[in-house]
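Report on the structure
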Amino acid sequence: MLLRLNATDNRPLHEQVAGAVRRAVAEGECGPGDRLPPARDLSRALGVNVNTVLRGLRTLRDEGLLEFRRGRGVTVADGAEQRSALLDRVRELVADAAHLGYGKSDLIEMIRGLP
């Protein structure tokens, strides 16, 4: 798995790490059950602190894209590709809504009003 961070990106590094892994899953570079390299190896490859990598991976675990298993490392969860693609679309929607002056609570109300 080849991950890269964008030096011109203003987002925090842990979000960039999570985004890079999300992209790799969405593009099929790694699929359900595939094991990710150890966080220490990822941190060396990306040139960031290992805690930054772990924070990004924990974010993805909380989103249901990754599974942490003692003794087995970090693996891609079943259904991660679809979930990753959907989360990307949701993020785009939230960003578009913010650009138009709507907040997350406004979006939630709009969704609740759908049949």
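Residues numbered from 1 in each chain as written. Predicted model: local features only at pLDDT ≥ 70, side-chain atom pairs only at ≥ 80, totals over all residues. Heavy atoms only, no water.

An unreviewed UniProt entry lists the protein chain under the name GntR family transcriptional regulator, with Streptomyces tricolor given as the organism.

Remarks on the side chain of Ser43
Residue placement: Ser43 occurs in helix α2 (residues 39–46). Beyond its immediate chain neighbours, meaning those up to four positions away, Ser43 contacts Val48, Asn49, Val50 and Val53. (Helix = DSSP H or I, 4+ residues; strand = E, 2+ residues; numbered from the N terminus. Contact = heavy atoms within 4.5 Å.)

Side note on helix α1 (residues 13–26)
Helix length check: α1, at 14 residues, gives a terminal C-alpha distance of 20 Å against a target of 20 Å (1.5 Å per residue), a fit within 8%. The buried fraction of α1 amounts to 10 of the 14 residues, a majority that puts the element mostly inside the structure. For α1, every residue scored as buried is listed here: His14, Gln16, Val17, Ala18, Gly19, Ala20, Val21, Arg22, Ala24 and Val25. One or two residues past the end of α1 sits Gly28, with phi positive at roughly 80 degrees. (Expected span 1.5 Å × (residues − 1). Buried < 20%, exposed > 50% of the residue type's maximum accessible area, 1.4 Å probe, protein only.)

Re the pattern of salt bridges
Tallied over the entire structure, the rule returns seven salt bridges. Among the salt bridges present, the one from Arg44 reaches Asp41, with a minimum N-O distance of 3.3 Å. Taken together, the positions of Arg44 and Asp41, both in helix α2 and three residues apart, correspond to about one turn of that helix. Between Glu109 and Arg112 there is a salt bridge whose closest N-O contact spans 3.2 Å. Within this pair, Glu109 and its partner Arg112 are both found in helix α5 (residues 104–112), separated by three residues, close to a single helical turn. (Salt bridge = Lys/Arg side-chain N within 4 Å of Asp/Glu carboxyl O.)

Let's talk about the pairing of strand β1 (residues 66–69)
As defined by bridge partners, β1 adjoins strand β2 (residues 73–76) across four bridges and the pair is classed as antiparallel. Following the sheet pairing, Phe68 is matched in β2 by Val74. (Pairing = 2+ DSSP bridges.)

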